[in-house]
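Notes for the structure review
The lines below spell out each chain.
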Amino acid sequence: QVQLVESGGGLVQPGGSLRLSCAASISIFSINIMAWYRQAPGKERESVATINSDGATNYADSVKGRFTISRDNAKNTVYLQMNSLKPEDTAAYYCYAYKILPTSRSWGQGTQVTVSP
């Protein structure tokens, strides 16, 4: 299992920005897919953005053009830059790591993002 620690959440006004960080306990060179998910109260957890070991990224339609996922291999950290935040972005955000060999799926503890006037 990979230990993941998120940080960077908080309260922000609509239109504002936040950057989430996810620090991994191992070299992220060995992690095939890293991703950010979010879960709002009463809703299912949903994928927000993914980045694979080649650097290829994928985004949910709801965040395209506003959020950017990136990885710093030297720091074993993945980031989620969130711009033009909307109230509907309010949720707990979770970091996720998937390794193929050996197979493991790991979650962080989550960080709360609240977008409100």
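We now turn to the structure provided with this report. (Residues numbered from 1 in each chain as written. Predicted model: local features only at pLDDT ≥ 70, side-chain atom pairs only at ≥ 80, totals over all residues. Heavy atoms only, no water.)

Below, the discussion takes up the sheet that holds strand S8 (residues 77-82). One open sheet accounts for four strands, arranged S1-S3-S8-S7; its pairing is antiparallel. At either margin of the open sheet sits one strand with a lone partner, and together these are strand S1 (4-7) and strand S7 (67-72). Neighbouring strand axes in the sheet, compared pairwise and without regard to direction, differ in orientation by 15 degrees on average. Here four bridges tie S1 to strand S3 (residues 18-24), and the two strands are oriented antiparallel to one another. Looking at the pairing, Leu-4 lines up with Ala-24 of S3. (Pairing = 2+ DSSP bridges. Helix = DSSP H or I, 4+ residues; strand = E, 2+ residues; numbered from the N terminus. Axes fitted to C-alpha atoms, helices over the stretch in contact; angles between N-to-C directions.)

Moving on, we come to the layout of surface pockets. Its volume calculated, the largest pocket comes out at about 150 Å³. Considered class by class, the residues forming the lining of the largest pocket number two nonpolar, three polar and seven charged. (1 Å grid on protein atoms, 1.4 Å probe; cavity = no way out; pocket = protein on both sides within 12 Å on 5 of 7 lines; lining within 4 Å. Points joined across faces, edges and corners; volume = space filled by probe spheres on them. Nonpolar A, V, L, I, M, F, W, Y, C, P; charged D, E, K, R; others polar.)

Looking now at the pattern of salt bridges. One pass over the full model with this rule turns up four salt bridges. Asp-89 is the partner of Arg-38 in a salt bridge, and the nearest nitrogen-oxygen pair spans 2.9 Å. Within this pair, whereas Arg-38 is found in strand S4 (residues 33-39), its partner Asp-89 is found in the loop between S8 and strand S9 (91-99), the two being separated by 51 residues in sequence. An identical accessibility class is assigned to Arg-38 and Asp-89; each is buried. (Salt bridge = Lys/Arg side-chain N within 4 Å of Asp/Glu carboxyl O. Buried < 20%, exposed > 50% of the residue type's maximum accessible area, 1.4 Å probe, protein only.)

Note: S4 against strand S5 (residues 46-52), six bridges, orientation antiparallel. Residue pairing for S5: Met-34 is matched across the bridge by Ile-51. Once S4 ends, the chain turns through six residues before running back antiparallel as S5, passing Gly-42 with a positive phi of about 80 degrees. Summarising the sheet, S4 and S9 pair through seven bridges and their orientation is antiparallel. In the sheet register, Trp-36 faces S9, and the bridge partner there is Cys-95.

We now examine the state of the cysteines. The full count for this structure, using the stated rule, is one disulfide. Between the sulfur of Cys-22 and that of Cys-95 lies a disulfide, 2.0 Å long from S to S. Note on the Cys-22 and Cys-95 pair: the S-S dihedral is about -85 degrees, so by sign convention the disulfide is left-handed. Of the two residues, Cys-22 sits in strand S3 while Cys-95 sits in strand S9, which places them 73 residues apart along the sequence. As far as burial versus exposure is concerned, Cys-22 and Cys-95 are alike and both buried. (Disulfide = S-S within 2.5 Å.)

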